[in-house]
Amino acid sequence: MNIIVEGPDNARKSTLIKFLEPHLGRSIIHNTVDKDAESVLAKQAAENALEGNSIYDRSAVISEYIYCLVLQRTPVININISHVADMCDNAIVIFCMPPVEKVLATTKDEMPGVVENLEALYNQYDNLIDELVLMRKQFFIYDWTIEEDGPEAALEYINERINKESRMPSSA
């Protein structure tokens, strides 16, 4: 089962991934923005692979969903909340969501289009999380400013999900 670390820019996703990597022994995949549907669909299939064994720095599906909503651009694939919900079923999803003030305070001007929309992006992630809660989806919220929600708690959540999934009968 793949692990997806998602969240707004400067939420310390990479910092969490650097902590997780030696504990889990998984390869890291850094997702980038793709402009063609074929690339995004391939990434979506890889992220959703139940036998996957990678840590993704962002999900092509979740990021595409959030950023298209906020930046009002047309997605390269047809995507909606159900696609994001599927990610929570097929992968271990961690949302990095420290307080918005912390995210804004560490943001640099080198991210054109993102800086001026960062608060809106953060709020859209927050809205997505609320929707996923209503759908009873599993995920973890990582907040580096709160010790009990820190990297060790994220690792514990991942290990619990892996153990739970390994005990479930496979569907053939």
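Look above for the structure.
Reading the values: rules and limits
- Residues numbered from 1 in each chain as written.
- Predicted model: local features only at pLDDT ≥ 70, side-chain atom pairs only at ≥ 80, totals over all residues.
- Heavy atoms only, no water.
- Axes fitted to C-alpha atoms, helices over the stretch in contact; angles between N-to-C directions.
- Helix = DSSP H or I, 4+ residues; strand = E, 2+ residues; numbered from the N terminus.
- Parallel < 35°, antiparallel > 145°, perpendicular 65-115°, else oblique.
- Left-handed = near helix turned anticlockwise from the far one by under 90°.
- Contact = heavy atoms within 4.5 Å.
- Nonpolar A, V, L, I, M, F, W, Y, C, P; charged D, E, K, R; others polar.
- Salt bridge = Lys/Arg side-chain N within 4 Å of Asp/Glu carboxyl O.
- Buried < 20%, exposed > 50% of the residue type's maximum accessible area, 1.4 Å probe, protein only.

### Thoughts on the packing of helix α4 (residues 81-90) against helix α6 (residues 118-134)
Between α4 and α6, the least distance of the axes is 11 Å, while the angle of their chain directions is 70°. When the interaxial angle is binned, α4 and α6 end up roughly perpendicular. The handedness of the crossing between α4 and α6 is right-handed. Together, Ile81, Val84, Ala85 and Cys88 of α4 and Leu128, Glu131 and Leu132 of α6 make up the contact between the two elements. Looking at the contact of α4 with α6, its residues break down into 6 nonpolar, no polar and 1 charged.

### What to know about the pattern of salt bridges
Within the structure shown, the criterion is met by 3 salt bridges. Ionic pairing is found between Arg58 and Asp9, a salt bridge with its closest N-O pair at 3.3 Å. Pair noted here: Arg58 is in the loop between β3 (54-57) and α3 (60-71) and Asp9 is in the loop between β1 (3-6) and α1 (13-24), with a separation of 49 residues, a long-range link. On the accessibility criterion, Arg58 (13% relative accessible area) is buried. A relative accessible area of 14% means that Asp9 is categorised as buried. Across the pair Lys137 and Asp89 runs a salt bridge, and its minimum N-O distance is 2.8 Å. Here Lys137, found in the loop between α6 and β5 (140-142), pairs with Asp89, found in helix α4; they are 48 residues apart in sequence, far enough to count as distant. One connected set of salt bridges, linked through shared partners, spans Glu6, Asp9 and Arg58.

### Concerning the packing of α3 against α6
Where α3 contacts α6, the axes come no closer than 9 Å and their chain directions differ by 125°. The angle between α3 and α6 places the two elements in the oblique class. As for how α3 packs across α6, the hand of that crossing is right-handed. Residues Ile62, Ser63, Tyr65, Ile66, Tyr67, Leu69 and Val70 of α3 touch α6, and the partners they reach there are Ala120, Leu121, Gln124, Tyr125, Leu128 and Glu131. Residue composition of the contact of α3 with α6, grouped by class: 10 nonpolar, 2 polar and 1 charged.

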